[in-house]
Amino acid sequence: MNVGLIAHDSKKKLMQNFCIAYRGILSHHELYATATTGRLIEEVTNLNVHKFLAGHLEGEHQFGAQIENNQMDLAIFLRDPLTSKSHEPDIHNIFKLCDINNIPLATNLATAELLIKALDRGDLEWREVYR
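By convention here, each chain's residues receive numbers from 1 onward along its written sequence. This being a predicted model, a pLDDT of at least 70 is required before a residue's local features are given, and a value of 80 or more before pairs of side-chain atoms are given or counted; all residues contribute to the totals for chains, interfaces and linings. As a convention, hydrogens and water are excluded, and side-chain values are obtained from all of the structure's heavy atoms.

(A) Up close: the pattern of salt bridges. For this analysis, a salt bridge means a side-chain nitrogen from Lys or Arg found within 4 Å of a carboxyl oxygen belonging to Asp or Glu. For the structure shown, the criterion picks out five salt bridges. Among the salt bridges present, the one from Asp9 reaches Lys12, with a minimum N-O distance of 3.9 Å. Accessibility expressed as a relative area gives 12% for Lys12, which makes it buried. In this structure, Glu42 engages Lys51 in a salt bridge whose closest nitrogen and oxygen atoms are separated by 2.9 Å. Only protein chains enter the accessibility calculation, which uses a 1.4 Å probe. A residue is then buried if its area is under 20% of the maximum for its type, exposed if over 50%, and partly exposed in between. The partly exposed category is assigned to Glu42, whose relative accessible area is 23%. Residue classification places Lys51 among the partly exposed residues on the basis of a relative accessible area of 40%.

(B) Just the environment of Lys11, in detail. Strands are runs of DSSP state E lasting at least two residues, helices are runs of H or I lasting at least four, and both sets are numbered from the N terminus onward. Its location among the elements puts Lys11 in the loop between β1 (2-7) and α1 (12-21). Residue class for Lys11 comes out partly exposed when judged on its relative accessible area of 26%. The contact definition used throughout considers only heavy atoms, calling two residues in contact when any of these lie within 4.5 Å. When residues no more than four places from it in sequence are discounted, the contact partners of Lys11 are Leu78, Arg79 and Asp80.

(C) Spatial organisation of the sheet that holds strand β3 (residues 49-51). Strand pairing follows a simple DSSP-based rule, namely that at least 2 bridges must link the two strands. Here five strands make up an open sheet; going across it, the order is β3-β2-β1-β4-β5 and the pairing parallel. The sheet terminates laterally at β3 and β5 (105-106), the two strands that pair on one side only. Pairing between strand β4 (residues 74-78) and β5: two bridges, direction parallel. Paired with Ile76 across the strands is Ala106, a residue of β5. What counts as an axis is a line fitted to C-alpha atoms, over the stretch in contact for a helix, and the angles between N-to-C directions run from 0 to 180 degrees. Seen against the sheet, helix α3 (residues 35-45) touches β1, β2 (30-33) and β3 and runs at an angle of roughly 160° to β3.

As structure tokens, then:
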């Protein structure tokens, strides 16, 4: 399955820790991330991550295009809801595209853990039929 990973700057360390904790599960899937997040994940997990551009440099558009073309099966976007971002419309577009295309999306650690455990159990295999 194709798993997308994005994290705002204040959540990048949390994303690294999440990927360390679930490295065993993530290693069985194709990982996609925006540039900095992907590099940071690779550094601590030694997993291979397909990297888009940095989020604010069109990386979120590239991520959204993957979703729009039904090439993403799960998205984890650890975001900082308390700090406004200049590229906020791009962020909301990812949420909208996930909703339109029935892509499971986690925006916080609790939901990310639920989805990653569901992925491990095979609960998301319906995505292969849906594609």
